[in-house]
Amino acid sequence: MTETTPARTPTVGDQLAASVPMARTLGLEFTETTAERAVVRLPDRPEYRNHVGGPHAGAMFTLAESASGAIVLAAFADQLGRAVPLAVRAEIGYRKLAMGPITATAVMRRPIVDVVADLDAGSRPEFDVHVTLRRENGDVTGEMTVVWTLRPSN
């Protein structure tokens, strides 16, 4: 009798990497995806560097936006049958020259239960996700805020 290994359930990071071509193109690594926090890493690759040798601003924007999307999907996975998460707007500030691999850490700025309560009440809730970009040594190189909404499916 042979034993089979059970299939691994895909993580939010696996799902994003599979469904978002830019995340695959940049080789983003989803290291943590929970409703409390998402951590995504952009590897250091010469083809993604800018004129000063760090990651291109567009690559860092995509990294941060992907981290925000990962936490939104993790936080509202049980709502996806009735609402579609959409980014409404984003603002990014580049604080320090980014060099080498960069990690984005996303956190929700509004309690999940409040967002769901607004959705239950028939409104289209908006909520902020804050993302911090860091070098491997921990230095903050940038910050982004993405405003998301849950658009009811019906």
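To be clear, the structure that these remarks concern was listed above.
This is a predicted model, so every value here is computed, not measured.

## Quick word on helix α1 (residues 12-19)
Of all the positions in α1, only Val12, Gly13 and Leu16 are classed as buried. Down the axis, α1 shows its buried residues gathered within 100 degrees of arc, on one side only. Against α2 (21-26), β1 (29-33) and α3 (57-75) lie the buried residues of α1.

## Considering the environment of Thr145
Relative to the helices and strands, Thr145 is located in strand β6 (residues 140-152). Classification of Thr145 by relative accessible area gives partly exposed; the value is 24%. Note: C-alpha distance between Thr145 and Glu32 (113 residues apart in sequence) is 19 Å.

## Thoughts on the nonpolar core
The biggest cluster of nonpolar side chains holds 38 residues, and the ones touching the most others in it are Leu28, Leu63, Phe76, Phe127, Val129 and Val131. Listed by contribution, the elements that provide at least two residues to this core are α1, α2, β2 (38-42), α3, β4 (102-108), α4 (112-120), β5 (126-135) and β6. With residues up to four places along the chain from it excluded, the contact list for Phe127 reads Val72, Phe76, Met108, Arg110, Val115, Val146, Val147, Trp148, Thr149 and Leu150.

## Here we look at the pattern of salt bridges
Evaluation of the coordinates by the stated rule reveals 10 salt bridges. Glu136 serves as the salt-bridge partner of Arg41, at 3.6 Å between the closest nitrogen and oxygen. Of the two residues, Arg41 is situated in strand β2 and Glu136 in the loop between β5 and β6; the sequence distance between them amounts to 95 residues. By relative accessible area, Arg41 is classed as partly exposed at 23%.

## Some remarks on the side chain of Ser66
With respect to the helices and strands, Ser66 occurs in helix α3. Taking the relative accessible area as the measure of exposure, Ser66 reaches 7% and is therefore buried. Only 2.7 Å separates the side chain of Ser66 from the backbone oxygen of Thr62, close enough to count as a polar contact. Those residues within four positions of Ser66 in sequence are excluded, and the remaining contacts are Leu16, Leu28 and Phe30.

Procedures and definitions
Residues numbered from 1 in each chain as written. Predicted model: local features only at pLDDT ≥ 70, side-chain atom pairs only at ≥ 80, totals over all residues. Heavy atoms only, no water. Buried < 20%, exposed > 50% of the residue type's maximum accessible area, 1.4 Å probe, protein only. Helix = DSSP H or I, 4+ residues; strand = E, 2+ residues; numbered from the N terminus. Arc of directions from axis to C-beta. Contact = heavy atoms within 4.5 Å. Core = buried A, V, L, I, M, F, W, Y, C linked by side-chain atoms within 4.5 Å. Salt bridge = Lys/Arg side-chain N within 4 Å of Asp/Glu carboxyl O. Polar contact = N/O pair within 3.5 Å; in protein donor to acceptor, adjacent residues only side chain to side chain.

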